[in-house]
Each structure stands twice: as C-alpha cells, then as structure tokens.
Amino acid sequence: VQLVESGGGLVQPGGSLRLSCAASGFTFRRYGMSWYRQAPGKERELVATITSAGGSTNYADSVKGRFTISRDNNKNTVYLQMNSLKPEDTAVYYCYAAYWDYWGQGTQVTVSS
C-alpha cells in the first residue's frame, strides 16, 4: 500500500488549495478514504471521509461548507478542495486508508498573510 499526498503550500487567508492523494498497492475503488490533519502541538483530527464509490461524504464541523472531498477511481486518487482558508487550517494534512490502517507521508498547508 502506498499513499502519496501533494498540493500543499503557503496560501493567504481566504485562499484555496487542492490536495491530492495518489493511491497504489490495493484496489482503490473498493475502499473508503479519509483526510486528517495535525497542527503543531495538537492531536491529529479527522477532516473528511468519502465512501468507496464517492456517494457519501462527511466533514468535521470546522470545515463544513469550505472543504470538499472527492475521488476519481479511474485515477486512484482522492482530493481535498479547500476554500476560504483560515490561519487555523494550518497543519500537516494526511491521507488515510482505514481498511489498511495506512497513512500517507503528509503535506504541509500554511495559511498566513
């Protein structure tokens, strides 16, 4: 199993970023996926989840209405579109395959002026 995140970076408050997580080593389309984040000095927290076919999603209250999780099963990739970013969204964002209990290496998102 391999999960490789990309798309992080530095963005101003109110800006947008799209994170990608490319999966390999398992039949991606059969499994739900999640995004988590961990800010400095804080515990890792769940941001969003998506079912195997993409028909159902769930979000942390702190990101509802601003973030959108989606997936492309033809590309074995899950995405996190982040809009209206706030400084408190600053964290390392991780892709997670729960069935395999496997984490990606993370990608840093910094929201600052």
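Residues numbered from 1 in each chain as written. Predicted model: local features only at pLDDT ≥ 70, side-chain atom pairs only at ≥ 80, totals over all residues. Heavy atoms only, no water.

J.: Any details on a nonpolar patch on the surface? Residues and values, ideally.
T.: Taken together, the side chains of Val1, Tyr99, Trp100 and Tyr102 present a nonpolar region at the surface, about 400 Å² in accessible area. Take Tyr99: it is sitting in the loop between β9 (91-97) and β10 (102-103). Residue class for Tyr99 comes out exposed when judged on its relative accessible area of 59%. (Patch = residues over 30% accessible without salt bridge, like charges linked within 9 Å, V, L, I, M, F, W, Y side chains within 5 Å. Areas by Shrake-Rupley, 256 points an atom, 1.4 Å probe, with all protein chains shown as cover. Salt bridge = Lys/Arg side-chain N within 4 Å of Asp/Glu carboxyl O. Helix = DSSP H or I, 4+ residues; strand = E, 2+ residues; numbered from the N terminus. Buried < 20%, exposed > 50% of the residue type's maximum accessible area, 1.4 Å probe, protein only.)

J.: I'd love a proper account of the sheet that holds strand β3 (residues 17-24), names of residues and values included.
T.: If you trace the 4 strands from one edge of the open sheet to the other, you get β1-β3-β8-β7, paired in antiparallel fashion. Looking at the sheet topology across the chains shown, the edges are occupied by β1 (2-6) and β7 (67-72). Strand-to-strand, the axes of this sheet are offset by a mean angle of 15°, without reference to chain direction. Pairing geometry for β3 and strand β8 (residues 77-82), over 6 bridges, is antiparallel. Along β8, the bridge assignment pairs Ala22 with Thr77. (Pairing = 2+ DSSP bridges. Axes fitted to C-alpha atoms, helices over the stretch in contact; angles between N-to-C directions.)

J.: Residue-level account of the state of the cysteines, with values.
T.: Going through the model one piece at a time under the given rule, you end up with 1 disulfide. The disulfide that involves Cys21 links it to Cys95, with 2.1 Å between the sulfurs. Its torsion about the S-S bond being -80°, the disulfide of Cys21 and Cys95 is classed as left-handed. Of the two residues, Cys21 sits in strand β3 while Cys95 sits in strand β9, which places them 74 residues apart along the sequence. Each member of the pair, Cys21 as well as Cys95, carries the same accessibility label: buried. (Disulfide = S-S within 2.5 Å.)

J.: Now, about the pattern of salt bridges: what can you tell me, with residues and values included?
T.: Counted by the stated rule, this structure contains 4 salt bridges. One salt bridge in this structure joins Glu45 and Arg37, with 2.6 Å as the shortest N-O distance. Relative accessible area serves as the criterion here: at 33%, Glu45 is assigned to the partly exposed category. By relative accessible area, which is 6% here, Arg37 ends up buried. Where salt bridges share partners, they join Arg37, Glu45, Arg66 and Asp89 into one cluster.

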